[in-house]
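Below are the chains, spelled out letter by letter.
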Amino acid sequence: MKANNSTPFAIEVTDLCKRFGPQQVLSGVNLQCPRGQVTTIVGPSGCGKTVFLKHLMLLLRPDSGRIVINSTEVTRLNARGLDKIREQFGVLFQGGALFDSLTVFENVAFPLVEKTKLSREQIAEAVTQKLAAVGLEGMGNKYPSEISGGMQKRAALARALIRNPSILYLDEPTTGLDPTRTGSIHELIRHTHQRFGLTVVMVSHDVPQVFEISDRVAFMHDGRVRLDGTVAEVMDAHDPVFERFLAGTASEDEDLRAPGTTETRV
Amino acid sequence: MNTPTGITPAKRWLVSPIERLGAMVLDAIDALGGFVLFLLYAVREIVLPPYKVRLVLRQIRIIGAESSFLVALIAVFTGMVLGLQGEFTLRKFGAEGALGTVVSLVLVRELGPVLTALMVTARAGSAMAAEIGAMQVTEQLDALTVMAIDPVQYLVSPRILAGVISLPLLASIFDVIGILGGYAVGVGLMGAPAGSYFNGIASNLAGDDVAGGLYKALVFGLIVAWVSCYKGYNAPRMATGVSRATTEAVVLSSVLILMFDYILTSLLLK
Ligand SMILES: Nc1ncnc2c1ncn2[C@@H]1O[C@H](COP(=O)(O)OP(=O)(O)O)[C@@H](O)[C@H]1O
Ligand SMILES: [Mg+2]
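Figured I'd write up the structure that's included with this text.

**What about the packing of helix α3 (residues 104–115) of chain A against helix α4 (residues 120–133) of chain A?**
Residue and element names in this part refer to chain A. At a closest axis distance of 9 Å, the pairing of α3 and α4 adopts a crossing angle of 125°. The angle between α3 and α4 places the two elements in the oblique class. Seen from above, α3 lies across α4 with right-handed handedness. Residue-level contacts link V104, F105, V108, A109, L112 and V113 of α3 to I123, A124, A126, V127, T128 and L131 of α4.

Shown next as structure tokens:
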């Protein structure tokens, strides 16, 4: 692996453009994600956050622009080259994307079973360790349909981590969870990030709670990154569009939780 | 689309249907191209190593073995009705002795492969489309891809190979059981001469008939697995995506099976 060299960035994206039919979804995205930090992408729904993340996951090819992951330019790689990069990251999809015909244990073991020559015992040990790391000890024999949404996210996170990637992508890791579970998944992300020293790139709609576990924030708007920097920098930028976005999501949250209460945001 | 300036409504009225037809033709070619490329890609993964024997065997169990009871059930009733209808009709011409020949030719050349394929479409094809469609809609296919596992190689190729292997075997079961069903009713119930039933088969059912029937079944197996996997793989990401993929898979497979039955029959009868 070509890690820890030259640039301090695990991911560098330059002028990324993508169009679906007549719809220009990404029109020149620029973003740099420092190695070992948590970068959180926020923005109104439908603004292209998932599409952008799918480019980083090598699931979509850009129309133009450059993506450098761990010092490798990935946009022109062939299938074998892409697979090499894929070994360096893990993904937690929005819905978890666990294989529902396999148990939790088999799901977490799957990448090792399919892609490595580890023995059965080695695999069992690695899986048990990762399940413990996400707080799912003893749940290995359950099927995804038998566990709660929060547990599915945990199991999917264990699967994403099983090959010890250096980068972790998270697409809305807390969608569909109640506030308590959201908090505990955030805690788990922070813990995982610190324990494994990962570079984390996350899309989230939990504004502003998610800023507590983020090092950097990128605000996407109209197919571009309109604003990015450390959490403090972004909050101090006084960008009118960003402030309107913050106000919008915050008031939505308040409507849901405690009708009548006024601004409690700091 | 930007309309050039200076175009009158009359001209647009004339041009736009042609334009729309053109766009439709292009879309159709595009869709057909995707459909054919999908198969070529899956076949390439079948031919090239590594060979996923375990996955293929599992699919043969699901498509083949688990469909065999249903196929046998349909076969026995089909054979019985052929025995009934055949004996009833042949008796009018004083040709009771030809029952075995008629039943076996109809089954081996036509009904065996076609009905087997339609049953497999209903049972295994729909399941394939639904399973792969659900995986598409819930991002499980993307999850495979990011694990550096090619979903076509892992899911589609084994199913297509298993379809091609299973269908001729199932059609053979259908033929044999159908012929026995025809015997039970035609000879046992209606009193057609027992000896001439199997003698007729032995002397009139040629190797070409059997080969032609198996060849048809093989093509139908390819069609069912190909169409079902394609529809599942391209299931739209919305609430009704899976049900739509499943319906389209069953309808398109059935239509293509009957269409290719005619085409293959006209080629084989030459
Ligand atoms: N595969 C696709 N084909 C066509 N349009 C797409 C595709 N994927 C996403 N889009 C469109 O791109 C836009 C951005 O989507 P997305 O990135 O999912 O938004 P979000 O920021 O909420 O994650 C949406 O309008 C969506 O309809
Ligand atoms: Mg999204």
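Having seen the model, we can carry on.
**Here's the deal with the packing of aromatic side chains**
Overall, the coordinates contain 13 aromatic pairs over all chains when judged by the stated rule. Seen from their ring centres, F89(A) and Y169(A) are 5.0 Å apart, and the 55° between their planes marks the pair as tilted. In this pair, F89(A) sits in strand β6 (residues 89–92) while Y169(A) sits in strand β7 (residues 167–171), placing the two residues 80 residues apart along the sequence. Summarising the aromatic geometry, the rings of F38(B) and Y230(B) are spaced 5.3 Å apart at their centres and angled 75° between planes, so their arrangement reads as edge-to-face.

**Description of the environment of V108(B)**
When you line up the elements, V108(B) lands in helix α3 (residues 99–137). A C-alpha to C-alpha distance of 21 Å links V108(B) and F88(B), two positions 20 residues apart in sequence.

**A look at the pairing of strand β4 (residues 64–69) of chain A**
Residues and elements named next belong to chain A. Across five bridges, the pairing between strand β1 (residues 9–20) and β4 is antiparallel. Within β4, the residue paired with C17 across the bridge is S64. Hairpin connection, β4 to strand β5 (residues 72–73): the antiparallel pair is bridged by two residues, and N70 has positive phi, about 45°.

**What to know about the layout of surface pockets**
Over the atoms rolls a probe the size of a water molecule, and in doing so it shows where empty space is left. The calculated volume of the largest pocket comes to roughly 1,500 Å³. In terms of lining, the largest pocket is formed by 38 residues, of which the most central are Y41(B), T145(B), I149(B), D150(B) and P151(B). Mapped onto the lining of the largest pocket, the elements with two or more residues apiece are α1 (49–56), α2 (79–86) and α3 of chain A together with α1 (9–47), α4 (140–146) and α5 (151–189) of chain B.

**As for the interface of chain A and chain B**
Taken together, the 19 residues of chain A in the interface contact 16 residues of chain B. Looking at the side of chain A facing chain B, the largest losses of area belong to F93(A), F99(A) and E114(A), adding up to 29% of the total buried there. There are four salt bridges connecting chain A and chain B. For the salt bridge of D142(B) with K54(A), the shortest nitrogen-to-oxygen distance reads 3.2 Å. Here chain A is connected to chain B by five residue pairs in polar contact (both at pLDDT 80 or more). Secondary structure elements with two or more residues in the side of chain A that touches chain B: α2, β6 and α3 of chain A. The leading source of residues in the side of chain A that touches chain B is α3(A), at four residues. Here the side of chain A that touches chain B is composed, by residue class, of ten nonpolar, two polar and seven charged.

**Here we look at the site of ligand 1**
All names here are of chain A. Surveying the vicinity of ligand 1 reveals the residues F20, Q23, V25, S45, G46, C47, G48, K49, T50 and V51. In this structure, an oxygen atom belonging to ligand 1 sits 2.7 Å away from a main-chain N or O atom of G46. A total of 550 Å² of accessible area belongs to ligand 1 in isolation, and the protein chains cover 59% of it. Sorting the residues of the shell around ligand 1 by element identifies β2 (23–34) and α1 as the ones contributing at least two each.

**Looking at the environment of S196(B)**
Residue and element names in this part refer to chain B. Along the chain, S196 turns up in helix α6 (residues 194–204). When its relative accessible area of 24% is taken as the criterion, S196 is described as partly exposed. Once the C-alpha coordinates of S196 and G100 are considered, the two residues, 96 residues apart in sequence, prove to be 7.1 Å apart. A polar side-chain atom of S196 sits 3.3 Å from the main-chain carbonyl oxygen of P193.

**Concerning α1(A)**
Given 3.6 residues to a turn, an α-helix orients residues that are three or four positions apart in the same direction. Residues and elements named next belong to chain A. Counting buried positions along α1 gives seven out of eight residues, so the element sits mostly inside the fold. Listed in full, the buried residues belonging to α1 are K49, V51, F52, L53, K54, H55 and L56. Following α1 by one or two positions, L58 has its phi on the positive side, about 65°.

**Some points on the sheet that holds strand β10 (residues 224–230) of chain A**
Residue and element names in this part refer to chain A. Overall, mixed pairing links the six strands, which are arranged β6-β7-β8-β3-β9-β10 in an open sheet. Of all the strands in the sheet, the pair left with one neighbour each is β6 and β10. Each strand axis lies, on average, 15° off the axis of its neighbour in the sheet, ignoring direction. Inspection of the sheet shows β6 paired to β7 by four bridges, in the parallel sense. Note on β7: the bridge partner recorded for F89 is I167.

**Re the sheet that holds β5(A)**
All names here are of chain A. As summarised here, the arrangement of the four strands in space is β2-β1-β4-β5, forming an open sheet in which the pairing is antiparallel. This sheet does not close on itself; its edge strands, each paired only once, are β2 and β5. Where α1 meets the sheet, it contacts β1, β2 and β4, and its direction lies at approximately 125° from that of β1.

**Structural notes on the side chain of T39(A)**
Mapping T39(A) onto the fold places it in strand β3 (residues 38–42). Every residue in contact with T39(A), bar those within four places of it in the chain, is listed here: C33(A), P34(A), V200(A), V201(A), M202(A) and R216(A).

**Re the pattern of salt bridges**
On inspection of all chains with the given rule, the structure shows 19 salt bridges over all chains. For the salt bridge of R190(A) with E187(A), the shortest nitrogen-to-oxygen distance reads 3.6 Å. Here R190(A) pairs with E187(A), and both are found in helix α6 (residues 179–196), just three residues apart, close to one helical turn. Close ionic contact of E110(B) with K216(B) constitutes a salt bridge, the shortest N to O distance being 2.9 Å. A residue pair is termed long-range when its members are at least 10 positions apart, and E110(B) in helix α3 and K216(B) in helix α7 (residues 207–233) qualify at 106 residues. Residue K216(B) is classed as buried on the basis of its relative accessible area of 2%. Through salt bridges with shared partners, one network takes in K54(A), E139(B), D142(B) and R237(B).

About the cut-offs
- Residues numbered from 1 in each chain as written.
- Chains lettered and ligands numbered in written order.
- Predicted model: local features only at pLDDT ≥ 70, side-chain atom pairs only at ≥ 80, totals over all residues.
- Heavy atoms only, no water.
- Axes fitted to C-alpha atoms, helices over the stretch in contact; angles between N-to-C directions.
- Helix = DSSP H or I, 4+ residues; strand = E, 2+ residues; numbered from the N terminus.
- Parallel < 35°, antiparallel > 145°, perpendicular 65-115°, else oblique.
- Left-handed = near helix turned anticlockwise from the far one by under 90°.
- Contact = heavy atoms within 4.5 Å.
- Phe/Tyr/Trp six-rings, centres within 6.5 Å; stacked < 30°, edge-to-face > 60°.
- Pairing = 2+ DSSP bridges.
- 1 Å grid on protein atoms, 1.4 Å probe; cavity = no way out; pocket = protein on both sides within 12 Å on 5 of 7 lines; lining within 4 Å.
- Points joined across faces, edges and corners; volume = space filled by probe spheres on them.
- Buried area = accessible area lost by both parts, 1.4 Å probe.
- Salt bridge = Lys/Arg side-chain N within 4 Å of Asp/Glu carboxyl O.
- Polar contact = N/O pair within 3.5 Å; in protein donor to acceptor, adjacent residues only side chain to side chain.
- Nonpolar A, V, L, I, M, F, W, Y, C, P; charged D, E, K, R; others polar.
- Near = heavy atom within 4 Å.
- Areas by Shrake-Rupley, 256 points an atom, 1.4 Å probe, with all protein chains shown as cover.
- Buried < 20%, exposed > 50% of the residue type's maximum accessible area, 1.4 Å probe, protein only.

Interpretation note: all reported values are geometric properties and have no functional meaning in isolation.
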